[in-house]
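Okay, here's what each chain looks like letter by letter:
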Amino acid sequence: MVYWRLIFSLGYNLLWRSEPLLPAFNDAVAMRDSRQVKDPGLSSKTYFLLLFLLAGPFFFSGCGKVSEEALRPNFIFVLSDDIAQGDLGCYGQTLIQTPRLDQMAAEGTRFLQGYCGTSVCAPSRSSFFTGLHSGHSPVRGNYEVPPEGQLPLPDETVTIAEVAKEAGYATATFGKWGMGFFDTSGSPFNQGVDHFFGYNCQRHAHSYFPTYLYDDDQAFVLPGNDGQGVGETFAQELIQNDMIRWLRENADQPFMMFYAITLPHGRHEIDDLGIYRDQPWSELQKAYAAQVTRVDSDMGELVDTLRELGIAEDTLIVFSGDNGSSFSPESEIGQRFDQASNGLRGYKRGMYEGALRQAALAWWPGTVPAGRVDDQPWAFWDLMPTFVEMSGARPLDGFETDGHSLVEYLKGGPAPKRDYFYWELHLGDRPVQAARFGDWKAVRNGIDQPVEIYDLSVDAGESNDLSSERPDLVKRALAIFKAAHRPDPNWPLDRRTEEHRRLSEEAWEIKRARDRAMWIPENAARKSL
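Sequence order sets the numbering: in each chain, residues are counted from 1 along the sequence as written. Confidence filtering applies because this is a predicted model: local features only for residues at pLDDT of at least 70, side-chain atom pairs given and counted only at 80 or more, and all residues used for totals across whole chains, interfaces and linings. Computation of side-chain values covers all heavy atoms of the structure but excludes hydrogens and water.

Novice: Which parts of the structure should I look at to understand helix H8 (residues 235–249)?
Specialist: Helical geometry: 3.6 residues make up each α-helical turn, so side chains three or four residues apart lie on a common side. In this description a helix means any DSSP run of H or I spanning at least four residues, a strand means any run of E spanning at least two, and both kinds are numbered starting from the N terminus. Expected span of a helix: the number of residues minus one, times 1.5 Å. Helix length check: H8, at 15 residues, gives a terminal C-alpha distance of 21 Å against a target of 21 Å (1.5 Å per residue), a fit within 8%. Note on definitions: a residue-residue contact is assigned when non-hydrogen atoms from the two residues lie within 4.5 Å. Packed against the buried residues of H8 are strand S4 (170–176), strand S5 (195–199), strand S6 (212–215), strand S7 (218–221), strand S8 (255–261) and helix H9 (283–308).

The following block contains the structure:
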């Protein structure tokens with residue numbers, strides 16, 4: 001395409017303009033004439049144009065490929081486990097310092113109504129990775145599997161990593177996986193990931209000083225750690241370093257990176273309390289603040305590396321939490337840091353806005369408008385079709401998505417229109433559901449519970465239930481709940497299955513026994529860190 005544009009431009013200048021395109025061209029014409037090259041019926045300019053047409057495809061044979069590569073932007077999705085709007089300075093936090101994330105917000109777009117996949121980590125990650133909302137996703141809750149890992153993604157599920165890999169992108173995941181152990185269909189390497197580094201199992205990820213991590217599928221020992229508390233080797237330091245290494249090694253090709261940062265999820269452990277060491281706070285509050293600031297500094301290193309490598313303008317970063325506020329406003333952390341300062345009701349594991357709206361930023365210098373603060377809704381499952389459009393990828397057989405591309409929206413346009421957003425969460429014995437259609441929000445806290453209706457345009461805090469006044473909206477909500485929930489034997493709406501309960505109990509018992517034994521896999525490598 002680039003070649004033919006050049007041909008058209010050159011042909012126009014040579015054949016139809018009175019002046020030549022370049023002075024050097026006249027010199028070449030004079031040299032040809034001086035050699036008396038036979039050219040019956042062709043002018044000098046026409047002769048050289050035909051020569052260029054014949055030789056050009058060979059001369060420019062690599063240009064199309066270079067241009068195509070340059071037009072395929074990189075995509076990094078950073079999912080910080082449990083970070084909330086109320087934790088970041090750009091959303092109003094005053095006690096916890098987040099200068100680099102605040103800078104990203106100033107250089108990009110900050111979202112007020114970015115919705116997570118659902119309000120706990122595994123199904124939220126799955127929603128991003130599959131492009132499906134939690135009524136269609138194969139993972140709709142935290143489903144523990146012994147001895148290590150979670151309910152695996154099925155083979156037939158098409159993931160964003162598989163789409164990226166098929167399109168020629170390098171792919172990697174860092175941090176917490178939680179979508180299937182290495183010997184299952186949900187292994188990252190069965191789902192399109194080239195390189196993995198971190199925790200495969202989210203139970204294992206509760207320790208920031210574990211006895212081992214994984215480099216690809218190879219376990220390796222973290223010296224000086226017992227998995228019981230703060231030790232010598234901080235897992236996030238290793239994960240961040242490997243992410244930066246991989247980024248440098250793959251900077252010359254398009255890449256898709258999923259960075260699932262475990263911080264600031266509990267346990268609240270960190271290697272250095274830093275600027276919070278002398279604050280008159282509890283140790284838990286100091287550790288939490290230090291975790292959030294560590295996420296901030298690690299994001300700063302990521303952005304600085306992109307700039308150093310000269311690929312910042314070719315890279316979209318979407319940063320978010322995996323759910324809304326993680327703590328009750330009355331809790332030790334919720335009170336100290338006023339996580340509910342956005343005025344929203346609810347927190348992690350619920351279906352109200354405070355649980356579903358997460359901290360979200362988009363950064364892409366020269367493409368995403370700087371300093372924009374946007375109040376239009378979107379959700380994690382929109383990121384799959386966004387990547388498909390921005391990369392030019394061809395979806396694989398079996399590809400499906402509940403999302404809408406955000407490409408024009410990210411560039412400053414309006415958010416895509418849709419019939420509804422839908423969430424469900426299977427936690428304990430009573431799955432919960434929610435839907436948003438327009439500015440109306442419906443919540444059902446169990447299949448045997450009444451539907452609540454809220455008008456988000458005037459009641460974002462969901463304090464005034466209008467269900468008794470608007471039976472028509474209750475009826476519509478029930479229709480959405482029925483249409484959006486795809487039956488799945490793992491996720492019935494009226495209970496938790498006995499197998500789910502049994503496997504979860506067994507998995508946690510193994511985890512506790514391994515913790516007591518300070519367990520390390522037999523094949524774990526010992527390498528220089």
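Novice: How do you make sense of the side chain of Ser 187 when you look at a structure like this?
Specialist: Turning to its location among the elements, Ser 187 is positioned in the loop between S4 and S5. Discounting residues that sit within four places of it in the chain, Ser 187 has contacts with Trp 177, Gly 180, Phe 181 and Phe 182.

Novice: Honestly, the nonpolar core in this entry has me stumped. Any pointers?
Specialist: When a protein is soluble and globular, its nonpolar side chains tend to lie buried together. Nine residue types can take part in a nonpolar core, namely buried Ala, Val, Leu, Ile, Met, Phe, Trp, Tyr and Cys, and a core is a set of them joined through side-chain atoms within 4.5 Å. Each residue gets one of three labels from its accessible area relative to the maximum for its type: buried under 20%, exposed over 50%, partly exposed in between, using a 1.4 Å probe on protein chains only. Membership of the largest hydrophobic core comes to 64 residues, with the highest contact counts inside it found for Phe 75, Phe 77, Phe 128, Phe 129, Leu 316, Trp 378 and Phe 387. Beyond its immediate sequence surroundings of up to four residues, Leu 316 is in contact with Asn 74, Phe 75, Ile 76, Ala 362, Trp 363, Trp 364, Val 368, Met 390 and Leu 410. Within the second largest apolar cluster, 59 residues are counted, among which are Tyr 208, Ala 287, Ala 289 and Ile 311.

Novice: What exactly am I supposed to notice about the pairing of strand S10 (residues 360–363) here?
Specialist: Along a regular strand, successive side chains alternate from one face of the sheet to the other. Side chains Ala 360 and Ala 362 of S10 all project onto a buried face; the interleaved residues Leu 361 and Trp 363 project onto the opposite face, where all are buried too. Where strand S2 (residues 109–111) lies against S10, 3 bridges are found, and the strand directions are antiparallel. Note that in S10 the partner of Thr 109 across the bridge is Ala 362. Each pair of strands is called paired provided DSSP finds at least two bridges between the two strands. Where strand S9 (residues 315–321) meets S10, 4 bridges bridge the pair, whose relative direction is antiparallel. Note on S10: the bridge partner recorded for Ser 320 is Ala 360.

Novice: Teacher, can you tell me more about unusual backbone geometry here?
Specialist: Glycine aside, the phi torsion of most residues is negative, and most peptide linkages are trans. That bond from Leu 263 to Pro 264 is cis: its omega, 0 degrees, falls within 30 degrees of zero. Mapped onto the elements, Pro 264 comes out in the loop between S8 and H9. A cis amide bond, omega 5 degrees, links Gly 266 with the succeeding residue Arg 267. Its location among the elements puts Arg 267 in the loop between S8 and H9. Although it is not a glycine, Asp 338 sits at a positive phi angle of roughly 50 degrees. With respect to the secondary-structure elements, Asp 338 resides in the loop between helix H10 (332–337) and helix H11 (353–356). Not every positive phi belongs to a glycine, and Arg 349 is a case in point at roughly 85 degrees. Structurally, Arg 349 can be placed in the loop between H10 and H11.

Novice: Explanation requested: the packing of aromatic side chains in the structure shown.
Specialist: To describe a pair of aromatic rings, one takes the distance between the centres and the angle between the planes. To pair, rings of Phe, Tyr and Trp, with the six-membered ring standing in for Trp, must have centres within 6.5 Å; the planes then decide the type, stacked if under 30 degrees apart, edge-to-face if over 60, and tilted in the middle. Overall, the coordinates contain 37 aromatic pairs when judged by the stated rule. For the pair Phe 129 and Trp 177, a centre-to-centre distance of 5.2 Å together with 90 degrees between the ring planes defines the contact as edge-to-face. With Phe 129 in helix H6 (residues 121–130) and Trp 177 in the loop between S4 and S5, the pair connects residues that are 48 residues apart, well separated along the chain. The burial state of Phe 129 is the same as that of Trp 177; both residues are buried. Here the aromatic cluster, defined as three or more aromatic residues joined through ring pairs, consists of Phe 75, Phe 77, Phe 128, Phe 129, Tyr 169, Trp 177, Phe 258, Phe 380 and Phe 387. The criterion is that NZ of a Lys, or CZ of an Arg, lies within 6 Å of the ring centre and within 35 degrees of the ring normal, and then a charge sits over that ring. For the cation-ring pair, Arg 514 lies above Trp 519, with the distance from its terminal atom to the ring centre recorded as 3.6 Å. Across from the ring centre of Phe 220, 4.1 Å away, lies the NZ or CZ of Lys 527, which sits over that ring.

Novice: I keep staring at the pattern of salt bridges and nothing clicks. Help me out?
Specialist: Oppositely charged side chains can pair when the atoms bearing their charge come close. Salt bridges are identified by distance alone: a Lys or Arg side-chain nitrogen within 4 Å of an Asp or Glu carboxyl oxygen. As enumerated under the stated definition, the model contains 34 salt bridges in all. Residue Lys 348 pairs with Asp 82 through a salt bridge whose shortest N-O separation is 3.0 Å. Residue Lys 348 is found in the loop between H10 and H11, and its partner Asp 82 is found in the loop between strand S1 (74–80) and helix H5 (99–107); the two are separated by 266 residues along the sequence. No difference in accessibility class separates Lys 348 from Asp 82, as the two residues are buried. Close ionic contact of Glu 509 with Arg 516 constitutes a salt bridge, the shortest N to O distance being 3.7 Å. Through salt bridges with shared partners, a single network forms among Glu 353, Arg 357, Lys 441 and Glu 462.

Keep in mind that these numbers describe shape and distance, not what the molecule does.
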